[in-house]
Amino acid sequence: MIKTTKYVLLAALALTIASCNQSGKIEGGESGSDKKLVVGATMLSMQNEFIVNVSDEMEARAKALGVELITVDAERSALKQVEQVESFIAQGVDAIIMNPCEVEASSPAVKLAMDANIPIINVNSETSAKPTAFVGSDDTESARIAMKYLAEKLGGKGNVLIMHGFMGQAAQLKRDNGAKEILKANPGMKLLAEQTGEWDRAKAMSLMENWIQSYGSKINAVFAHNDEMGMGAVKALEAAGLKDKVIVVSVDAIPDALQSVKKGALNATIFQNAQQQGSKAIEIAVKAAKKEQFEREVLIPFQLVNKKNVEQYLK
């Protein structure tokens, strides 16, 4: 009787193990294949239309891949961004995507994630600390394209104003370098003034109004580091009746800017692919979390958009 009972218990145990193997999980836990990946994302500013576009693409791609995406707004604060990454680490996310606020001040977040063995992917902007991967575009090249466009339109001669993005951010630093490189190659083009508009349309409009009061008809062109500022500059110039005399070019090709180029107000914008940046960032984060092979750097080319080709960028 004892022997029979023993065989019955062994048979029941075997059935239980077989059942577990078939379902891929046991009660109270999940297998690695069934576990839903969680990715934390901290974005520079959800008040910036281009960043919102990148975030929207990340959300769409995460949904398509069955990944849970937790997105938070750093509100342009590197300190807040570091704290957000610390929170993601405490939550035990599988990967982190960071749209850095600053090159240096956001770098501790990269080290924290790496020390916790959580892959961290920088999207759109860079840090001095090397992350697991970077997805974005060469910001130096965007400024080269913009300034070459101005040089061609001005015939290599004229007074230029430059509106900087948020000081200390990678895009601001690289776009400044690219712009100065082209100015140096065109000695007939003079830098009349430069100042930050902090990526913001209203602040850029106010800055442009001040410049109009200071320089008036001396202004020949404006290079704004992003479309938000470019649109602010256009509005101020239109109000002053000077837009027809001043060429304005900016970066990102957000919908507002494309419509403005079509109407002939904004002279040109440099297309930066938010869709590819957002989707690629999620794809690489997922691959890194699964310990699969992935690209360490993805650079998506910029493209000049003017009245001749704007229709192909309008949706």
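The structure we're discussing is the one just above.
Residues numbered from 1 in each chain as written. Predicted model: local features only at pLDDT ≥ 70, side-chain atom pairs only at ≥ 80, totals over all residues. Heavy atoms only, no water.

**Some details on the overall build of the chain**
Helices and strands together make up the secondary structure of the chain, namely ten helices and twelve strands. The contacts of the chain with a sequence gap of at least 6 include a subset with a gap of at least 24, amounting to 72%. Carbon and sulfur atoms make up 51% of the accessible area of the chain, which amounts to about 15,300 Å² in all. (Helix = DSSP H or I, 4+ residues; strand = E, 2+ residues; numbered from the N terminus. Contact = heavy atoms within 4.5 Å. Areas by Shrake-Rupley, 256 points an atom, 1.4 Å probe, with all protein chains shown as cover.)

**Side note on the nonpolar core**
In terms of nonpolar packing, the biggest core is built from 64 residues, with Met 58, Ile 97, Ile 121, Met 163, Met 208 and Val 222 touching the most fellow members. Setting aside anything within four residues of it in sequence, one finds Met 58 in contact with Ala 41, Met 43, Leu 69, Ile 97, Gly 278 and Ile 282. Ala 143, Leu 150, Ala 151 and Phe 302 belong to the second largest nonpolar core, which has 22 residues in total. (Core = buried A, V, L, I, M, F, W, Y, C linked by side-chain atoms within 4.5 Å. Buried < 20%, exposed > 50% of the residue type's maximum accessible area, 1.4 Å probe, protein only.)

**Describing the pairing of strand E6 (residues 158-164)**
Each regular strand carries side chains that alternate between the two faces of the sheet. The buried count for E6 comes to six of seven residues, which makes it a mostly enclosed element. Inspection of the sheet shows E6 paired to strand E7 (residues 189-196) by seven bridges, in the parallel sense. Across the sheet, the residue bridging to His 164 is Thr 196, located in E7. The parallel pair E6 and E7, bridged by helix H6 (residues 170-185), forms a crossover whose chirality is right-handed. Pairing geometry for E6 and strand E8 (residues 221-224), over four bridges, is parallel. Following the sheet pairing, Leu 161 is matched in E8 by Val 222. (Pairing = 2+ DSSP bridges. Right-handed = clockwise from strand over helix to strand, strands pointing away.)

**Re the pairing of E8**
The alternating pattern of E8 places Ala 221 and Phe 223 and Val 222 and Ala 224 on opposite faces, both of which are buried. With helix H8 (residues 227-239) bridging E8 and the parallel strand E9 (residues 247-252), this β-α-β connection has right-handed handedness.

**Focus on the sheet that holds strand E5 (residues 133-136)**
In space, the six strands of this open sheet follow the order E2-E1-E3-E4-E5-E11, with parallel pairing throughout. The open sheet is flanked by strand E2 (68-73) and strand E11 (297-299), the only strands paired with a single partner. For this sheet, the mean angle separating the axes of adjacent strands, direction not counted, is 20°. Note: strand E1 (residues 38-43) against E2, six bridges, orientation parallel. (Axes fitted to C-alpha atoms, helices over the stretch in contact; angles between N-to-C directions.)

**Let's talk about unusual backbone geometry**
Unusually for a residue other than glycine, Asn 124 sits at a positive phi of about 75°. Following the sequence through the fold, Asn 124 ends up in the loop between strand E4 (120-123) and E5. Overall, Asn 124 belongs to the buried group, its relative accessible area being 8%.

**Concerning helix H2 (residues 49-65)**
Over its 17 residues, H2 runs 24 Å from end to end, which matches the ideal 24 Å to within 8%, given 1.5 Å per residue. Among the residues of H2, those classed as buried are Phe 50, Ile 51, Val 54, Ser 55, Met 58 and Ala 62. Relative to the axis of H2, the buried residues are bounded by an arc of 140° and lie together on one face. Away from the buried face of H2 by more than 90 degrees, exposed residues Lys 63 and Ala 64 are located. Where the residues of H2 are buried, they touch E1, E2, strand E3 (95-98), E4, E9 and helix H10 (274-289). The N-cap of H2, judged by a side-chain oxygen 3.0 Å from the amide nitrogen of Phe 50 a few residues on, is Asn 48. Phi turns positive, to about 70°, at Gly 66, one or two residues after H2. (Expected span 1.5 Å × (residues − 1). Arc of directions from axis to C-beta. Polar contact = N/O pair within 3.5 Å; in protein donor to acceptor, adjacent residues only side chain to side chain.)

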